[in-house]
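Listed below, chain by chain, are the residues.
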Amino acid sequence: PNVILVLTDDQGYGDLTCAGHPTIDTPNIDRLATRGLKFTQFYVPSPVCSPTRAGLLTGCYPKRVGMHKHVIFPQHAHGLHTDEVTIADMLSDRGYATGCFGKWHLGHRPGLLPRDQGFDEFYGVPYSNDMSQFHRRAGNTYKYGLPLIENDAVIGWEPDQHLMSENCTQRALEFIDRSADRPFFVYLPFSMPHIPIYASPKYAGRSRRGLYGDVIEEIDGCVGQLVDRLAQREVLDDTIIIFMSDNGPWLPFRDRGGSAGLLRGGKGSTFEGGQRVPCIVQWPRRIAPGSIRREVASALDWLPTLAAITGSALPGQPIDGDDVSRLLVDSKPASNDREFLYYKAKGDLAGIRRGAWKLLLDPEQLYNVEVDVSEKWNQATQKAGLVAELRERALSLDRMIEEGARPTRTVSAELFAPDGGPKAEKQ
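Residues numbered from 1 in each chain as written. Predicted model: local features only at pLDDT ≥ 70, side-chain atom pairs only at ≥ 80, totals over all residues. Heavy atoms only, no water.

### Overview of the confidence of the model for the chain
Taken residue by residue, the chain gives an average pLDDT of 94. The fraction at 70 or more is 95%. Within the model, pLDDT remains below 50 along residues 134-138, and this stretch shows 15 contacts once partners closer than five positions in the same chain are excluded. Note on residues 419-427: pLDDT is under 50 here. Beyond four places in sequence and across chains, it has 17 contacts. (pLDDT = per-residue confidence, 0-100. Contact = heavy atoms within 4.5 Å.)

Here you go:
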């Protein structure tokens, strides 16, 4: 099957109509759920974006691939190592056309861009849309520009962010048109609704939720365009569409940020609102309409799952995700004893989930997150034995990951000057 992976940036668990939002209208994404499958307990490996994207594309906890220490900023010289096998590498080896259209954020120097990580084409921005701003460094303030990149070259600076969702979707549609005679993988990581948020003129002022709602409803419209194009090309039934967010909502921005619904916390937090995200999958050929899976699954699972579905070879080095293809195509309940590690935004171990129980460390908090989804009732005192067991298990798993951790790649040459010329000015 073809594969389309749509990733939103900082969208909350509750920011869809099918998740219960009362004023955001998302008919196209809702239709993916009614025609496909909705995960209710789906996690990303970090509450911030660069680590999550590394985990998503490699099937590894970010710590295993050295990408766990917060996000990549414009002044940084490192990125995901090109020795790592990404979903794009894996599917490319299987004969897929591969394209990335949107926000990358896994390294922006020569040799660290999407075409170095298995993608045939790239159009978008290398890091978050707020990084065209001032950052303190060594007592001085520098201004970094936001470049627009096509393949390996900077083609402009400070793109009109009102049009980014629309333009990246258009590039994806053109890629589908060119690739319809072979299997294709489209990775569409929108830069929205990451602050600052923008909507195109077509969507501005449309949502009752205000500008944030406009942004989400535009993304919904983009999803609708993708589905329509697949139908026109008569490949919809043979295409897996995955829709998910990279972490929870950026709550301090109030009306400019999203909602985690019933979940506690948001972006940057290891409470459920920071790492449990919306995830919807449609595959008309195999997934029964209206399916709901309440088992634990994570972004780490997509690489091994797609390997199983497409007959691709798994990487020759350890990964952390599981093949969850049975959850997609089989209605039978699966075991609910899955283990998942929580890591803080800067990479420190934060806790573990096993079955219904979640233990957070420092300070120790124990929640049954299937009964107490909002994490209000700390049961650590009453269940000291379980706390000790989960603590030791979390520390043991973390040690194993750390012992087998692989390095990032550092590049000295720069794709663009960060503090000179028209690109960015030293202040």
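### Structural notes on the environment of Arg229
Within the secondary structure layout, Arg229 lies in helix H5 (residues 211-232). Between the C-alpha atoms of Arg229 and Glu174, which are 55 residues apart in sequence, the distance is 9.7 Å. Residues in contact with Arg229, not counting those within four places in the same chain, are Leu173, Ile176 and Asp177. (Helix = DSSP H or I, 4+ residues; strand = E, 2+ residues; numbered from the N terminus.)

### A look at the pairing of strand S4 (residues 97-103)
The buried count for S4 comes to seven of seven residues, which makes it a mostly enclosed element. Pairing of S4 with strand S10 (residues 184-189), which is carried by four bridges, proceeds in the parallel orientation. In the strand pairing of S10, Cys100 is matched with Tyr187. (Buried < 20%, exposed > 50% of the residue type's maximum accessible area, 1.4 Å probe, protein only. Pairing = 2+ DSSP bridges.)

### Considering the sheet that holds strand S5 (residues 121-125)
Taken in spatial order, the ten strands of this open sheet run S9-S8-S5-S4-S10-S1-S11-S12-S2-S13, and their pairing is mixed. A single partner strand is all that each edge strand has here, and the edge strands are strand S9 (153-157) and strand S13 (291-298). With strand direction ignored, the average angle separating the axes of adjacent strands in the sheet is 15°. One ladder, built from five bridges, connects strand S1 (residues 2-8) with S10; its direction is parallel. Paired with Leu5 across the two strands is Tyr187, which belongs to S10. Seen against the sheet, helix H4 (residues 164-179) touches S1, S4, S5, strand S8 (147-150) and S10 and runs at an angle of roughly 180° to S10. (Axes fitted to C-alpha atoms, helices over the stretch in contact; angles between N-to-C directions.)

### As for the packing of aromatic side chains
Scanning all chains against the criterion turns up 13 aromatic pairs. Seen from their ring centres, Trp104 and Phe119 are 6.1 Å apart, and the 85° between their planes marks the pair as edge-to-face. With Trp104 in the loop between S4 and S5 and Phe119 in the loop between S4 and S5, this residue pair connects regions lying 15 residues apart in the sequence. Three or more aromatic residues joined by ring pairs form one cluster here, namely Tyr43, Tyr61, Phe340, Tyr342 and Tyr343. In this arrangement the basic side chain of Arg264 is found over the ring face of Phe271, its NZ or CZ atom lying 3.8 Å from the centre. (Phe/Tyr/Trp six-rings, centres within 6.5 Å; stacked < 30°, edge-to-face > 60°. Lys NZ or Arg CZ within 6 Å of the ring centre and 35° of its normal.)

### Some thoughts on the sheet that holds strand S15 (residues 349-354)
Taken in spatial order, the four strands make up an open sheet running S14-S15-S16-S17, and their pairing is antiparallel. Each edge of the open sheet carries a strand with a single partner, namely strand S14 (339-343) and strand S17 (365-368). In this sheet, neighbouring strand axes are inclined to one another by 15° on average, regardless of whether the strands run parallel or antiparallel. Bridge count for S14 against S15 is five bridges, and the pairing is antiparallel.

### Brief notes about the side chain of Thr58
Structurally, Thr58 can be placed in helix H2 (residues 49-58). Of the residues examined, Thr58 reaches a relative accessible area of 1% and is grouped as buried. Side-chain polar atoms of Thr58 contact the backbone oxygen of Ala54, separated by 2.7 Å. Leave out the neighbours within four places in its chain, and Thr58 touches Val65, Leu80, Glu84, Val85, Leu303 and Ile319. (Polar contact = N/O pair within 3.5 Å; in protein donor to acceptor, adjacent residues only side chain to side chain.)

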